[in-house]
Amino acid sequence: MRICLFVLLGGLPLAAQEPLSLRQAVDLALQANPLAAAAEAGEREAEARWRQARSGYLPRLNFSESFQRSNNPVFVFGSLLTQHQFTASNFDLGLLNRPEALSNYQSRLSVEQVLWDSRQTSRGVEAARLGQQISGQDTRRSRSDIVLGVLRAYFAVTLAQKSLELAEQSLGSAAADLGRARSIFEAGRSTEADVLAVRVHVAAVKEQQIRARNDLEVSQATLNDALGVSLDRKFDLTTTLEPVGGGGRDLEEYRRLATERRPERRQAELAQSLAQTQQQVAQSAYWPQVVFQGTVEADRQRYFTRGGANWLTAVSLRWNLWNGGETRARLDQARFAEERAEALLKRADSAIQLEVRKAYLDVRAAAQRLEVTTVAVAEAEEAHRIVQNRHVAGLTTVTELLRSDTALSAARTRKLAAVYDLRVAAAALEHAAGSLTADSTVVN
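Residues numbered from 1 in each chain as written. Predicted model: local features only at pLDDT ≥ 70, side-chain atom pairs only at ≥ 80, totals over all residues. Heavy atoms only, no water.

Draft legend 1. Structural context of the overall build of the protein chain. A count of helices and strands for the protein chain gives eleven helices and six strands. Its C-alpha atoms give the protein chain a radius of gyration of 40 Å, more than 25% over the compact-globule value 22 Å for 444 residues. When the backbone C-alpha atoms are referred to their principal axes, the protein chain occupies close to 140 × 65 × 35 Å. Counting the 444 residues in the protein chain, one finds 37% classified as buried. Counted over contacts in the protein chain with a minimum sequence separation of 6, partners at least 24 positions apart contribute 83%. In the structure as shown, the protein chain presents an accessible area of about 25900 Å², 56% of it carried by carbon and sulfur atoms. Of the side-chain charges in the protein chain, 55 are positive and 52 negative, and the distance between the mean point of each set is 3 Å. (Helix = DSSP H or I, 4+ residues; strand = E, 2+ residues; numbered from the N terminus. Rg over C-alpha atoms; globule rule 2.2 N^0.38 Å. Buried < 20%, exposed > 50% of the residue type's maximum accessible area, 1.4 Å probe, protein only. Contact = heavy atoms within 4.5 Å. Areas by Shrake-Rupley, 256 points an atom, 1.4 Å probe, with all protein chains shown as cover. Lys, Arg positive; Asp, Glu negative; His and termini not counted. Charge placed at Lys NZ, Arg CZ, Asp CG, Glu CD.)

Draft legend 2. Spatial organisation of the side chain of glutamine 137. Take glutamine 137: it is sitting in helix H6 (residues 120-186). If near-sequence neighbours (up to four positions away) are discounted, glutamine 137 is found in contact with Pro263, Arg266, Gln267 and Leu270.

Draft legend 3. How the structure looks around the nonpolar core. One finds Val26, Val150, Leu227 and Val443 to be the most contacted residues of the largest nonpolar core, which totals 57 residues. Counting only elements with at least two residues in this core, the list comes to helix H2 (22-32), H6, helix H7 (192-227), strand S4 (235-237), helix H8 (251-261), helix H10 (326-392) and helix H11 (398-432). Setting aside residues up to four positions removed in sequence, valine 443 forms contacts with Leu22, Arg23, Val26, Val147, Leu151, Leu436, Thr437 and Ala438. Core analysis: the second largest hydrophobic core is formed by ten residues, Leu178, Ala181, Val195 and Val202 among them. (Core = buried A, V, L, I, M, F, W, Y, C linked by side-chain atoms within 4.5 Å.)

Draft legend 4. Here's a closer look at the packing of aromatic side chains. Per the stated rule, a full pass over the model turns up seven aromatic pairs. In this structure, arginine 300 packs its charged tip against the face of tyrosine 303, placed 5.1 Å from the ring centre. (Phe/Tyr/Trp six-rings, centres within 6.5 Å; stacked < 30°, edge-to-face > 60°. Lys NZ or Arg CZ within 6 Å of the ring centre and 35° of its normal.)

Draft legend 5. Region of the structure containing the environment of leucine 251. With respect to the helices, strands and loops of the structure, leucine 251 is situated in helix H8. Along the chain, leucine 251 and glutamine 353 lie 102 residues apart, while their C-alpha atoms are 10.0 Å from each other.

Draft legend 6. Local environment of the side chain of threonine 277. Within the fold, threonine 277 resides in helix H9 (residues 263-284). Assessed through its relative accessible area of 8%, threonine 277 is described here as buried. Setting aside anything within four residues of it in sequence, one finds threonine 277 in contact with Arg123, Glu126, Ala127 and Leu130.

Draft legend 7. The environment of alanine 366, seen in detail. Within the secondary structure, alanine 366 is located in helix H10. Each C-alpha atom of the pair alanine 366 and aspartate 421 lies 6.0 Å from the other, and the pair is 55 residues apart in sequence. In this structure alanine 366 touches Ala418, Asp421 and Leu422, once residues within four positions along its chain are discounted.

Draft legend 8. Representation of the sheet that holds strand S2 (residues 60-70) in the model. Read across the open sheet, the four strands follow the order S2-S3-S5-S6; overall the sheet is antiparallel. Two strands bound the open sheet, and with one partner strand each, they are S2 and strand S6 (307-318). The average angle at which neighbouring strand axes cross in this sheet is 20°, direction not considered. Helix-sheet contacts for helix H4 (residues 73-82) involve S2, strand S3 (102-116), strand S5 (289-300) and S6, and the interaxial angle to S3 is about 70°. (Pairing = 2+ DSSP bridges. Axes fitted to C-alpha atoms, helices over the stretch in contact; angles between N-to-C directions.)

Draft legend 9. Local environment of a nonpolar patch on the surface. Taken together, the side chains of Leu115, Trp116, Tyr286, Trp287, Val315, Leu317, Trp319, Leu321 and Trp322 make up a nonpolar region of the molecular surface, amounting to roughly 1200 Å² of accessible area. Listed by contribution, the elements that provide at least two residues to the nonpolar patch are S3 and S6. Turning to its location among the elements, tryptophan 287 is positioned in the loop between H9 and S5. The class of tryptophan 287 is exposed, set by a relative accessible area of 53%. (Patch = residues over 30% accessible without salt bridge, like charges linked within 9 Å, V, L, I, M, F, W, Y side chains within 5 Å. Salt bridge = Lys/Arg side-chain N within 4 Å of Asp/Glu carboxyl O.)

Draft legend 10. A look at the environment of serine 183. Tracing the backbone through its elements, the reader meets serine 183 in helix H6. Each C-alpha atom, one on serine 183 and one on valine 195, is 9.5 Å from the other, the two residues being twelve residues apart in sequence.

Draft legend 11. View of the pattern of salt bridges. For the coordinates displayed, the defined rule picks out 28 salt bridges. Glutamate 264 is the partner of arginine 262 in a salt bridge, and the nearest nitrogen-oxygen pair spans 2.9 Å. Residue arginine 262 is classed as buried on the basis of its relative accessible area, which comes to 4%. Arginine 266 is the partner of glutamate 269 in a salt bridge, and the nearest nitrogen-oxygen pair spans 3.4 Å. Taken together, the residues span about one helical turn, with glutamate 269 and arginine 266 both in helix H9 at a distance of three residues. Salt bridges here are not isolated pairs; linked through shared partners, they connect Arg265, Arg266, Glu269 and Asp349.

This is the structure:
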């Protein structure tokens, strides 16, 4: 029977689990998470806008090819001249007034270069450069968010695994209590109510086990989502859930670091500078432009023969005296954008300082909770051992035994939660200070 069962189980495919440390998980997410790809694409988009703005320094070169045919006197007269085919016979008044239809193949190459535009192009380039820097800060923020999200999801899986182990351990302990309760009942030293009470307790522990197993599956899928991989992919997490201390800095140091490093604050500063530059761009539109133009043209009666060429150069002044208030509206828009950016900078400062303070206090509270729960677990284990011995000796009730078992399970769960909260809070503090990366101590 055992051989048959072994053969049957041997034919079933086993889900292979890939070993995965926390650092490997972070590196994988920074490559595969769609948010990382989106941030990188946004940065490339901003770089393309900067190249587009710089193109204003370069000349514009255009080529056109056209075919025209008409018996319009002016067209025929002019075309014959540009084709270099005009002769004395074309001065005949009858031909001048009623010429025969003429074909003209025209090839034109033109160049245009802005010589002066009141720094409109240079300020547009500066605005694009600021936009590129804003996009770079967005990439930093996305990467930090990914690292924190992966760390939180990674240890959530580890916490769920340990919670499931605790539930299974509690179930084994409850089963042993049920066996002892039956023995005591069969020896006539208790009533059947004690056995039923323990069975109810066993059912409650089984329910906890079911919830813990479900939480584990959900947390594994959540981790895969944070990594940017298939939700069905299986990993063997090798980094243990252990407490880590903070960076050893005080609150003021973290606040100073956040002011210097947080990408959100830097983005708000850059947005303010961008709005000021856009005002300068809008003001430049009030002033004229000086443009150089050059054209080379070839006109032919047939595509390859009977034609001539000419050229033209010009320097012109363009001054938009009235455009329906568009320039004024653009200037007002940029001014309001600067006011909005200034207000958002103040809001970002307050929000960042609040986040730093909360993360700092969370680390301190989690460390204190861990100290308390560590002592509580040791005391609960000793108390439960004593109660078990007294119950076997018939010196205490089953109610006291169940209460002791529940207290021990709760103490162990609270300690696990404190370790998880401390690990996550330490990472959240680095994130709030703007210094959380794949190389941070809390990751490695």
